[in-house]
Amino acid sequence: MQKIELNENQGRTPTGLACLDSILNGGLEHGVITEIFGEGGSGKTNICMQFAINNASLGKKVFYLDSEGFSIERFRQMSISRSDIYDNIALFRLNSLEDQELSLIKVQRLMEKVKSPGALIVDSFTEYFRLETGGDYQARVAGFQKQLGTILAMISEYHIPALVTNQIYQDIDKGQLQPFGGYVIDHSVKAIIRLEKKEGGLRKAIVEKHRSIEEGRSVVFAITAEGLECR
Ligand code: GTP
Ligand code: MG
């Protein structure tokens, strides 16, 4: 049990994309899992990298778990080769759903040892959940919920934000594009941002769910050679 003081400042960390931070009243909430979902190429990984770079530039340690194949080239473009911040980013490649579960536990232990933990990023959180279709579905769901519990435990202990990404699929019954995981992750994720591709290569970020911000707030941004630009 953790006692909460009502006058405490829950805190937010900026993503580094100013217009997104503005609609989120300053950035990603501490102790909360924020999910970004959207179709392939909508900018999820770009936002993760921007967030990691911004946080690392503030001298914080960022734990970045990647299941997609992290592009070092893109990271260098966005960080303008600021190699001085590289040591502030602990990057881990995930190889399976089981590896993801074990890695999160390892990261939880590592966080104890660092001076200023800044953020946890998992890109993509649902990739292996989506790909590993064999075996016992309920066991996978339980494993997934355990992972969410591990994330929530560490981010509330260190008062930091977690950013996870999620893909979408076409829900035949509803005729809509939905994020993966549905009820399995919905309850644990307190902030959800949807990304859409727009004309002229622009992207739109829309607040889909938040504890203290009205849904529907949105911003338009562009993905450029150096990173992300508000429009
Ligand atoms: P998935 O991981 O496939 O689901 O996609 P994502 O949502 O993570 O997309 P990501 O953030 O990787 O964005 C990919 C987009 O970034 C592509 O549409 C690229 O065109 C764009 N992009 C990457 N590098 C550059 C660049 O140097 N200049 C411009 N203009 N766009 C770029
Ligand atoms: Mg991606």
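Below you will find a few notes about this structure. (Residues numbered from 1 in each chain as written. Chains lettered and ligands numbered in written order. Predicted model: local features only at pLDDT ≥ 70, side-chain atom pairs only at ≥ 80, totals over all residues. Heavy atoms only, no water.)

Right, let's talk about the overall build of the chain for a bit. On a plain count of helices and strands, the chain comes out with seven helices and 13 strands. Taken over C-alpha atoms, the radius of gyration comes to 17 Å for the chain, in line with the 17 Å a tight globule of 231 residues would show. Structurally, the chain occupies a C-alpha span of about 45 × 45 × 40 Å along its principal axes. Counting the 231 residues in the chain, one finds 48% classified as buried. Within the chain, contacts between residues separated by at least 24 positions form 67% of all contacts whose residues are at least 6 apart in sequence. Taken as two groups, the 27 positive and 30 negative side-chain charges of the chain have centres that lie 3 Å from each other. (Helix = DSSP H or I, 4+ residues; strand = E, 2+ residues; numbered from the N terminus. Rg over C-alpha atoms; globule rule 2.2 N^0.38 Å. Buried < 20%, exposed > 50% of the residue type's maximum accessible area, 1.4 Å probe, protein only. Contact = heavy atoms within 4.5 Å. Lys, Arg positive; Asp, Glu negative; His and termini not counted. Charge placed at Lys NZ, Arg CZ, Asp CG, Glu CD.)

This part is about the coordination of the magnesium ion (ligand 2). Donor atoms from the polypeptide that coordinate the magnesium ion (ligand 2) comprise Thr 45 (OG1) and Glu 68 (OE), at 2.0 to 2.3 Å from the metal. Here the residue Thr 45 occupies a position in helix H2 (residues 44-57), and Glu 68 occupies one in the loop between strand S4 (61-66) and helix H3 (72-78), the gap between them amounting to 23 residues. We classify Glu 68 as partly exposed; its relative accessible area is 36%. (Donors = N, O, S within 2.8 Å, 3.2 Å for Na, K, Ca; no water.)

Burial analysis of strand S6 (residues 117-123) places seven of its seven residues in the buried class, which makes it a mostly covered element. Relative to strand S7 (residues 162-166), S6 is paired through three bridges, and the arrangement is parallel. Directly across from Ile 121, in S7, lies its bridge partner Leu 163. (Pairing = 2+ DSSP bridges.)

A separate point is the site of ligand 1. Of all residues adjacent to ligand 1, which total 15 residues, the nearest are Gly 41, Lys 44, Thr 45, Asn 46 and Ile 223. Between ligand 1 and Arg 74, the relevant distance is 3.3 Å, taken from an oxygen atom to a side-chain nitrogen or oxygen of the residue. A distance of 2.9 Å separates an oxygen atom of ligand 1 from a polar atom in the side chain of Arg 203. Bound to the protein, ligand 1 loses 61% of the 670 Å² it would expose on its own. Elements with a contribution of two residues or more to the shell around ligand 1: H2 and H3. Among the elements that take part in the shell around ligand 1, H2 stands out by supplying three residues, more than any other. (Near = heavy atom within 4 Å. Polar contact = N/O pair within 3.5 Å; in protein donor to acceptor, adjacent residues only side chain to side chain. Areas by Shrake-Rupley, 256 points an atom, 1.4 Å probe, with all protein chains shown as cover.)

Helical geometry note: an α-helix holds 3.6 residues per turn, so side chains three or four residues apart project in the same direction. Taking 1.5 Å of rise per residue, 22 residues should cover 32 Å, and helix H6 (residues 137-158) covers 32 Å from first to last C-alpha, within 8% of that figure. Along H6, the residues classified as buried are Arg 140, Val 141, Gly 143, Phe 144, Gln 147, Leu 148, Thr 150, Ile 151, Met 154, Ile 155 and Tyr 158. As for H6, its buried residues are in contact with strand S3 (33-38), helix H4 (97-113), S6, helix H5 (127-131), S7 and helix H7 (183-186). Sitting at the head of H6, Asp 136 places a side-chain oxygen 3.0 Å from the backbone nitrogen of Gln 138. Immediately downstream of H6, the backbone of His 159 shows phi near 50°, a positive value. (Expected span 1.5 Å × (residues − 1).)

A full pass over the atoms with the stated rule returns six aromatic pairs. Centroid distance Phe 129 to Tyr 137: 6.4 Å. Interplanar angle 45°. Geometry classified as tilted. A relative accessible area of 8% places Phe 129 in the buried class. Its relative accessible area of 39% is what places Tyr 137 among the partly exposed residues. Sitting over the ring of Phe 129, Arg 140 keeps its end group 5.5 Å from the ring centre. (Phe/Tyr/Trp six-rings, centres within 6.5 Å; stacked < 30°, edge-to-face > 60°. Lys NZ or Arg CZ within 6 Å of the ring centre and 35° of its normal.)

Here S3 runs beside strand S10 (residues 189-197); their pairing, made up of six bridges, is parallel. Within S10, the position partnered with Ile 33 by the bridge is Val 189. In terms of strand pairing, S10 meets strand S11 (residues 202-209) through six bridges, oriented antiparallel. Bridging across to S11, Glu 196 finds its partner in Lys 204. Linking S10 back to S11 in an antiparallel pair, the connection comprises four residues, with Gly 200 at a positive phi of about 70°.

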